[in-house]
Amino acid sequence: MNTGYDWRPEQARKSLNRILPEAETAFSDELQQAIHEWNKFKSRLHAEWERLFIYLHGLYGWQYDFFYTLQRIVHSLVRYWLARPAELKKLDAKREADPFRLTSEKMVGGVLYVDLFSDNLSKLGDHLPYFKKLGITYLHLMPLFAVPRGDNDGGYAVSDYRAVNPDIGSMDDLAKLAAALREEEISLVLDFVFNHTSDEHIWAQKAKAGDPDFLSYYLTFPDRELPDQFQKYLRDIFPTIRKGSFTWCEDMNRWVWTTFNSYQWDLNYANPEVFRAMAEEMLFLANQGVEVLRLDAVAFIWKRLGTNCENLPEAHTIIRAFNAMARIVAPCVSYKSEAIVEPDEVIRYIHPDECRLSYNPLLMALLWEALATQETKLLEYSLNKRYRIPEGCTWVNYIRCHDDIGWTFDDQDARAVGIDPVGHRYFLNQFYTGEYPGSFSRGVPFQFNADTGDLRISGTLSSLAGLEDAITKKDDELIEKAVRRINLLRSIMMSIGGIPLLYIGDEWGMLNDYTYLSDPLKAADSRWVHRSKKRWEAREDLADQDTLEWRFFHEMIKLINLRKTLPALQNGGMEVINTGNPHLFGYIRAFNHQRLLIVNNFSEQQLMMGVAHLRDCGVKGDVVNLLKDEILSSGSDMLLHDYQAVWLDISAP
Ligand code: GLC
């Protein structure tokens, strides 16, 4: 009989009352040094403990030595808190006092590969003035840890979370860089690649050597019986490279679960030791001065037979448990989810107790969709329904990133606006690979799956938006059109609500780089077409106002500077409006007394937004278009040129 009585809070309290004195004894020497701060730690521990206990009990409570797991986890918390450098403890206090930093209009992100941008970590420090000039306050360095030589999925096959890839530097260099970034108020963002390790990680090596404790760190099988049963429901992530999600390992004489590449071994989170060990790796990273951890491949971390093993409830519980631990040891740390899955699932990872930040793959995909169709109905419908997220959380908005573009809009949404989702995805793939008649795009196919017809797209912002095609054709008119498309997308990324994340190189309009094709380690992965080496000569060009690079760069800076002066652009309300025109996409951003109406023309024709719709949005009297410093008089229709964006200040006087 369910009495409704929840025994867990009481048991949580009892367990902590038993464990804490024991931990205080175990760490008594070290605690002597930190006694004045111990109470602060303890109050955070008490505040988070109940939920941590409940999560862990849900995951591992059925195991007979659950209390031992709890004890070990409390020890980890104390150990990593003791090891946390004093400056980071100061940063914790500073960030706790400013909970709105991440949602502020002042936040602007950038992401780059260290080796491609500046060769190594120590030289990266020389480019801080560049980031300052751009106004970057959040810097994501793509995975920089020790990896296998040769193919390593662009750093996403980590062999050691505590060692930097020697080609780009050392942990010491990372610490120096982190300190320099802190000095400039730039938050360091690193990946926490926690779904899998590389097959060269010490745990994998021990598993290969037959150590049963480490064998249970991974999901391995003596024969095909279970893999075949699981496989029925799984999708292939990299189908052109490999079919199926399991790899035969000669050393172990067993099949290993490998969702991505065969050298990326999925961790077995059903084993509490794996949870604890990875929590320690996470806290170690936090103690290097990381403020945002990008949780890689979140969707895949829990498996259950008979499901597609994506987005299972336990995946959320694991992240929440990590979140509670970070909040106790390193409260300045936030998580960003990398869930490039259906929109309904993306949103489930976003919560202050889980991931405060999330990539916004829906906005990204639909901006490209609207650019191809020159129509905004799917964008308008989907965002109207799906933009809202819990208070204190924020989207990370991007147009391009290091990965491919997948058309992750919701099928029901598409049908609701009269679009056949399957046919539409086919059209978008044709369009962005330049196959569709009249297409301006020079995307490159990624991972065509012959069984499902699924395809994704690689390519840089500029090449996808028509610049490469226009330059090849030496057609000035087409070049201008491409420039306008690029600026339109950027202006939306800067204004719609969330942290705009620049894929560094896009600020000056980098094009596809096909040299990856001559590198045997990269040729099979077309994502390298948009992961090219930074051309520093382009920065030299920036003094020359005739170049496209100069124009792109300065337009970017102008947008960023403007964004930072407009409190209405902080994260929060974004109200999609009815523009009355199928090619326009508009929204209102408001905060305190500021109200902005932003309208974007996705068509290559000039057109009007009618006066009645403008009035419905609150436009009265003369209003200023902040992007051009021009005054628009109300009382008449508003003219928008092809691909024009306007940011109107419609605050009440
Ligand atoms: C994430 C990364 C991607 C990588 C995959 C496996 O999706 O963004 O680049 O291939 O995880 O780690």
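A.B. asks: What exactly am I supposed to notice about the overall build of the chain here?
C.D. replies: Check the secondary structure of the chain and you find 25 helices and 25 strands. Computed over its C-alpha atoms, the radius of gyration of the chain comes to 25 Å, within 12% of the 26 Å expected for a compact globule of 653 residues. Dimensions of the chain, computed from C-alpha atoms along their principal axes, come out at roughly 75 × 60 × 55 Å. Looking at the chain as a whole, 61% of its 653 residues are labelled buried. Put simply, 71% of the contacts in the chain that link residues at least 6 apart link residues at least 24 apart. Surface accessibility of the chain: about 25900 Å² in total, with carbon and sulfur atoms responsible for 51%. Across the chain, 72 positive and 92 negative side-chain charges occur, with their mean positions spaced 3 Å apart.

A.B. asks: Got a minute to help me understand the site of the ligand in this structure?
C.D. replies: Lining the immediate environment of the ligand, one finds D153, Y156, H196, F238, F260, Q264, R294, D296, E338, H402, D403 and R527. D296 is positioned such that a nitrogen or oxygen atom in its side chain is 2.9 Å from an oxygen atom of the ligand. For the ligand, an oxygen atom lies 2.8 Å from a polar atom in the side chain of H402. When isolated, the ligand has an accessible area of 310 Å², and the protein chains bury 95% of it.

A.B. asks: Just checking my understanding: could you explain the environment of W550 for this structure?
C.D. replies: Structurally, W550 is set in helix α24 (residues 548-564). Judged by relative accessible area, which is 19%, W550 ranks as buried. Here the alpha-carbon distance between W550 and D525, two residues 25 residues apart in the chain, equals 31 Å.

A.B. asks: Help me out: how do you make sense of helix α9 (residues 171-183) in this one?
C.D. replies: Side chains that are three or four residues apart share a direction in an α-helix, a result of its 3.6 residues per turn. With 13 residues, α9 should reach 18 Å at 1.5 Å per residue; the first-to-last C-alpha distance of 18 Å fits that figure. Along α9, the residues classified as buried are M171, L174, L177, A178, L181 and R182. In an axial view of α9, the angular spread of the buried residues amounts to 140°, which keeps them on one side of the axis. Within α9, the exposed residues directed more than 90 degrees away from the buried face are D172, K176 and E183. Backbone geometry just after α9 places E185 at a positive phi near 60°.

A.B. asks: Would you mind showing me how to read the packing of aromatic side chains here?
C.D. replies: Two aromatic rings are characterised by how far apart their centres lie and by the angle between their planes. Tallied over the full model, the rule gives 37 aromatic pairs. Measuring from ring centre to ring centre gives 5.7 Å for F192 and F322, while their planes differ by 75°; the resulting arrangement is edge-to-face. You can see F192 sitting in strand β5 (residues 187-192) and its partner F322 sitting in helix α14 (residues 313-329), a full 130 residues away along the chain. You'll find F192 and F322 in the same group, each marked buried. Through successive ring pairs, a cluster of aromatic residues spans W368, W407, F427, F431, Y432, Y436 and F440. The side chain of K89 reaches across the aromatic face of W81, ending 4.2 Å from its centre. Here the basic side chain of R485 rests over the ring of F440, its NZ or CZ set 3.7 Å away from the ring centre.

A.B. asks: Can you help me understand the packing of helix α1 (residues 8-26) against helix α3 (residues 35-60) in this one?
C.D. replies: Axis angle and axis distance: for two packed helices, these are the angle between their axes and the distance between the axes, and together they describe the pair. Interaxial distance between α1 and α3 falls to 9 Å at its minimum, and their mutual angle equals 140°. When the axis of α1 is compared with that of α3, the two are oblique. In this structure, α1 crosses over α3, and the sense of that crossing is right-handed. Counting all contacts with α1, which are made through R8, P9, Q11, A12, S15, L16, L20 and E24, the residues of α3 involved are W38, K42, L45, H46, W49, E50, F53 and I54. Each residue belonging to the contact of α1 with α3 can be placed in one class, and the counts come to nine nonpolar, three polar and four charged.

A.B. asks: Got a minute to help me understand the nonpolar core in this structure?
C.D. replies: Inside soluble globular proteins, nonpolar side chains tend to come together where they are buried. Membership of the largest hydrophobic core comes to 210 residues, with the highest contact counts inside it found for L141, Y269, F275, F322 and W368. The dominant element in this core, judged by the number of residues it contributes, is α3, at 11 residues. L141 has contacts with L112, V114, L121, L124, L177, L188, V189, L190 and D191, leaving out every residue within four places of it along the chain. The next biggest cluster of nonpolar side chains, apart from the first, holds 16 residues, and it includes I577, L584, C617 and L640.

A.B. asks: Is there a simple way to think about the state of the cysteines in this case?
C.D. replies: Two cysteines joined by a covalent bond between their sulfur atoms form a disulfide. Under the counting rule described, the total for this entry stands at zero disulfides. Of the cysteine sulfurs around C401, a residue in no disulfide, the closest is that of C355, at 16 Å.

A.B. asks: I'm lost on the environment of I560 in this one. Help?
C.D. replies: Residue placement: I560 occurs in helix α24. For the pair I560 and K90, spaced 470 residues apart in the sequence, the C-alpha separation amounts to 29 Å. In this structure, I560 is in contact with V108, L134, G135, M494 and L502, ignoring residues within four places of it in sequence.

A.B. asks: How do you make sense of the pattern of salt bridges when you look at a structure like this?
C.D. replies: Close approach of charged atoms allows side chains with opposite charge to pair. Inspection of every chain in the model, using the stated rule, returns 55 salt bridges. The partner of E280 in a salt bridge is R79, with the nearest N and O atoms 3.1 Å apart. Of the two residues, E280 sits in helix α13 (residues 272-286) while R79 sits in helix α4 (residues 66-83), which places them 201 residues apart along the sequence. With a relative accessible area of 11%, E280 lands in the buried category.

A.B. asks: Teacher, can you tell me more about the pairing of strand β14 (residues 394-397) here?
C.D. replies: If a strand is regular, its side chains alternate between the two faces of the sheet. What you see with β14 is no split at all: T394 and V396 on one side and W395 and N397 on the other are buried throughout. Of the pairings in the sheet, the one linking strand β13 (residues 357-359) to β14 comprises three bridges and is parallel in character. Its bridge partner lying in β14, L357 is registered against T394. Sheet analysis places β14 next to strand β17 (residues 499-503), joined by two bridges and oriented parallel. By the bridge assignment, V396 is partnered in β17 with I499.

About the cut-offs
- Numbers given to residues run from 1 along each chain, matching the order in which its sequence is written.
- Thresholds applied to this predicted model are a pLDDT of at least 70 for local features of residues and 80 or more for the giving and counting of side-chain atom pairs; totals over whole chains, interfaces and linings are not thresholded and use all residues.
- The basis for every side-chain value is the complete set of heavy atoms in the structure, and neither hydrogens nor water enter the calculation.
- Helix and strand labels come from DSSP, where a helix needs a run of H or I of at least four residues and a strand needs a run of E of at least two; each type is numbered from the N terminus.
- Throughout, the radius of gyration refers to the C-alpha atoms, and the reference size of a globule is 2.2 Å times the residue count to the power 0.38.
- Throughout this description, buried means an accessible area under 20% of the type-specific maximum (1.4 Å probe, protein chains only), exposed means over 50%, and partly exposed covers the range between.
- Whether two residues are in contact is decided by their heavy atoms, any of which lying within 4.5 Å being enough.
- Per-residue and other accessible areas follow the Shrake-Rupley method at a 1.4 Å probe size, with only the shown protein chains counted as cover for residues.
- Only four residue types enter the charge count: Lys and Arg as positive, Asp and Glu as negative, with His and the chain ends excluded.
- Note that the charge is assigned to NZ on lysines, CZ on arginines, CG on aspartates and CD on glutamates.
- When we say a residue is near a molecule or strand, we mean one of its heavy atoms is within 4 Å of it.
- Nitrogen and oxygen atoms within 3.5 Å of one another constitute a polar contact, given that in protein one can donate a hydrogen and the other can accept it, and given that sequence-neighbouring residues count only through two side-chain atoms.
- Multiply 1.5 Å by the residue count of a helix minus one, and that product is the helix's expected span.
- Each direction from the helix axis to a C-beta atom contributes to the arc, which is the arc of those directions.
- Side-chain rings of Phe, Tyr and Trp (the six-membered ring for Trp) are treated as a pair once their centres are within 6.5 Å; stacked means planes under 30 degrees apart, edge-to-face means over 60, and tilted covers the remaining angles.
- A positively charged side chain is recorded as over a ring if its NZ (Lys) or CZ (Arg) lies within 6 Å of the ring centre. The angle to the ring normal must also be within 35 degrees.
- To define axes, lines are fitted to C-alpha atoms, for helices over the stretch in contact only, and angles between the resulting N-to-C directions are given on a 0 to 180 degree scale.
- If an angle is under 35 degrees, it is roughly parallel; if it is over 145, roughly antiparallel; if it lies from 65 to 115, roughly perpendicular; otherwise it is oblique.
- In this scheme, a crossing is called left-handed if the near helix is turned counterclockwise away from the far one by less than a right angle; it is called right-handed if the turn is clockwise.
- Each residue gets one of three labels, nonpolar for Ala, Val, Leu, Ile, Met, Phe, Trp, Tyr, Cys and Pro, charged for Asp, Glu, Lys and Arg, and polar for the others, Gly among them.
- Residues grouped as a nonpolar core are buried Ala, Val, Leu, Ile, Met, Phe, Trp, Tyr and Cys residues, joined through side-chain atoms within 4.5 Å.
- By convention in this document, the label disulfide applies to cysteine sulfur atom pairs within 2.5 Å.
- Any carboxyl oxygen of Asp or Glu that lies within 4 Å of a side-chain nitrogen of Lys or Arg is treated as forming a salt bridge with it.
- Note: two strands are recorded as paired if DSSP finds a minimum of 2 bridges between them.

Geometric values such as these leave the question of function open.
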